[in-house]
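Structural characterization, general
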Amino acid sequence: MSLRCLITAGPTREFFDPVRFISNPSTGKMGFALAAAAKEAGWTVDLVAGPVSLPEPAGVMYYPVVTAAEMHRQADALFGPCDVLIMTAAVSDWRPAKAAPQKLKKDGQGMTVALEPVPDIVSALAEERRADQFLVGFAAETEDVEANALDKLERKGLDLIAANSVAGAEGAFGSDDNKLILLGRNGFREVLGPAPKAVVARQLIDAIARLVAARAAS
Ligand code: C5P
């Protein structure tokens, strides 16, 4: 089955002056591996990525962004025609409430930066989804991995969530290997890996293809 998918990857940056930002250690490896695996499976791929240092996967439409607001706008523009959304991006959960127009001068004093929540991109897209679209989220957890991921599956209106532990030595950020626990509707549960991200990515694309086909047939 040839599907059109929209994949988000990497971190976002949220600036409080022109040269300083808050972000997270996401490298985009998992999202890029998924883009390559989806392409390999014959899917049409739109890849929206925050700042990463990875080569663009061949044969995909690539949309680089920096902030969560830019990622939201770009994902929103591409969401309509997609069959599958895979939201691997580690979107910043907060952003500075104000950004100084010029570089802030240091004066030897401490500083407090007020943060405001960043709107949840995947939840917003889930609200405008068509019933035939398939939405996949990622949950990076440091504790109670499955319980927290199941809560996100429900709360964000997803069809499938790929949970991984980012605690300690098992951590997924920047690593070449990953282990994912897939949790879906009606008690669906499947464990992928631990294995190189390229292998896990192919298995995840395969699992999505099976779930989409099963839903279409029901
Ligand atoms: O709540 P948490 O950030 O752990 O949820 C992770 C999932 O939600 C990921 O799929 C992530 O891409 C998505 N997300 C989002 N917009 C945000 C924060 C997270 O779409 N502002």
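Starting from 1, residues in each chain are numbered consecutively following that chain's sequence as written. Under the rules for a predicted model, residues below a pLDDT of 70 receive no local features and side-chain atom pairs below 80 are neither given nor counted, while totals for whole chains, interfaces and linings still include all residues. Excluding hydrogens and water, the side-chain figures rest on all heavy atoms present in the structure.

1. Observations regarding the site of the ligand
This is how it is decided: Here, proximity means that at least one heavy atom of the residue falls within 4 Å of the molecule or strand. We define a polar contact as two N or O atoms separated by no more than 3.5 Å, with the added condition that, inside protein, one atom must be a possible hydrogen donor and the other a possible acceptor, whereas residues neighbouring each other in sequence contribute only through side-chain atom pairs. Using the Shrake-Rupley algorithm and a 1.4 Å probe, accessible areas are obtained, with residue cover drawn only from the displayed protein chains.
Residues in close proximity to the ligand total 13 residues, the closest being M87, A89, V122, F138 and K152. Within the backbone of M87, a nitrogen or oxygen atom sits 2.7 Å from an oxygen atom of the ligand. One of the backbone nitrogen or oxygen atoms of A89 is found 2.7 Å away from an oxygen atom of the ligand. Alone, the ligand offers 450 Å² of accessible surface; in the complex the protein occludes 89% of this.

2. Section: the sheet that holds strand β12 (residues 189–196)
Keep this limit in mind: We call two strands paired when DSSP finds no fewer than two bridges between them. Elements are defined by DSSP. Helices are runs of H or I of four residues or more, strands are runs of E of two residues or more, and each kind is numbered from the N terminus. Between N-to-C directions, angles span 0 to 180 degrees; the directions come from axes that are lines fitted to C-alpha atoms, helices contributing only their stretch in contact.
Here eight strands make up an open sheet; going across it, the order is β5-β4-β1-β6-β9-β10-β11-β12 and the pairing mixed. In this open sheet, the two edge strands, each paired with only one partner strand, are β5 (61–64) and β12. The average undirected angle you get between the axes of adjacent strands in this sheet is 15°. Pairing analysis gives six bridges linking strand β1 (residues 4–9) to strand β4 (residues 44–49), with the strands arranged parallel.

3. Let's talk about helix α2 (residues 68–79)
Condition: In this scheme, a helix's expected span is set at 1.5 Å multiplied by one less than its residue total. Buried, partly exposed and exposed residues are distinguished by accessible area as a fraction of the type maximum, computed with a 1.4 Å probe on protein chains only: under 20%, between the cut-offs, and over 50%, respectively. Here the arc refers to the directions that run from the helix axis out to each C-beta atom.
Between its terminal C-alpha atoms α2 stretches 16 Å, which fits the 16 Å expected from 12 residues at 1.5 Å a residue. Among the residues making up α2, those that are buried are A68, M71, A75, L78 and F79. For α2, the angular spread of the buried residues around the axis is 100°, confining them to a single face. Away from its buried face, by an angle of more than 90 degrees, α2 presents the exposed residues R73 and A77.

4. Overview of helix α5 (residues 197–217)
Operational definition: Contacts: residue pairs with any heavy atoms within 4.5 Å of one another.
Taking 1.5 Å per residue, 21 residues should reach 30 Å; α5 reaches 30 Å between its end C-alpha atoms and fits that length. Within α5, the full set of buried residues consists of K197, V200, A201, L204, I205, A207, I208 and V212. Taken end-on, α5 shows its buried residues confined to a sector of 165°, consistent with a single buried face. Where the residues of α5 are buried, they touch α1 (29–40), β6 (84–87), β9 (134–141), β10 (160–165), β11 (177–184) and β12.

5. A word on the packing of aromatic side chains
Stated precisely, the cut-off is as follows: By convention, a stacked pair of Phe, Tyr or Trp rings (six-membered ring in the case of Trp) has centres within 6.5 Å and planes under 30 degrees apart, an edge-to-face pair has planes over 60 apart, and any other such pair is tilted.
By the definition in use, this model includes two aromatic pairs. Here F15 and F21 contribute two aromatic rings whose centre-to-centre distance is 5.2 Å and whose plane-to-plane angle is 65°, an arrangement assigned as edge-to-face.

6. Quick notes on the layout of surface pockets
Cut-off, in case you're wondering: Whether a set of points on the 1 Å grid over the protein atoms alone is a cavity depends on a 1.4 Å probe fitting there but being unable to get out, while an open set qualifies as a pocket with protein on both sides within 12 Å along at least five of seven lines; lining residues are those with an atom within 4 Å of a point. Grid points are joined across faces, edges and corners, and a volume is the space filled by probe spheres set on the points. The nonpolar class holds Ala, Val, Leu, Ile, Met, Phe, Trp, Tyr, Cys and Pro. Asp, Glu, Lys and Arg form the charged class, and all remaining residues, Gly among them, are polar.
Counted as a void, the largest pocket has a volume near 940 Å³. Elements that contribute at least two residues to the lining of the largest pocket include exactly α1, α3 (121–127), β9, α4 (145–155) and β10. Per-element tally for the lining of the largest pocket: the top contributor is β9, with five residues. Residues of the lining of the largest pocket, tallied by class, amount to 17 nonpolar, 13 polar and eight charged.

7. A short note on the side chain of T88
Along the chain, T88 turns up in the loop between β6 and β7 (94–96). By relative accessible area, T88 is classed as buried at 13%. A polar contact of 2.4 Å, which involves the side chain of T88, links it to the backbone oxygen of T8. Apart from residues lying up to four places away in sequence, T88 is in contact with I7, T8, A9, G31, L34 and F138.

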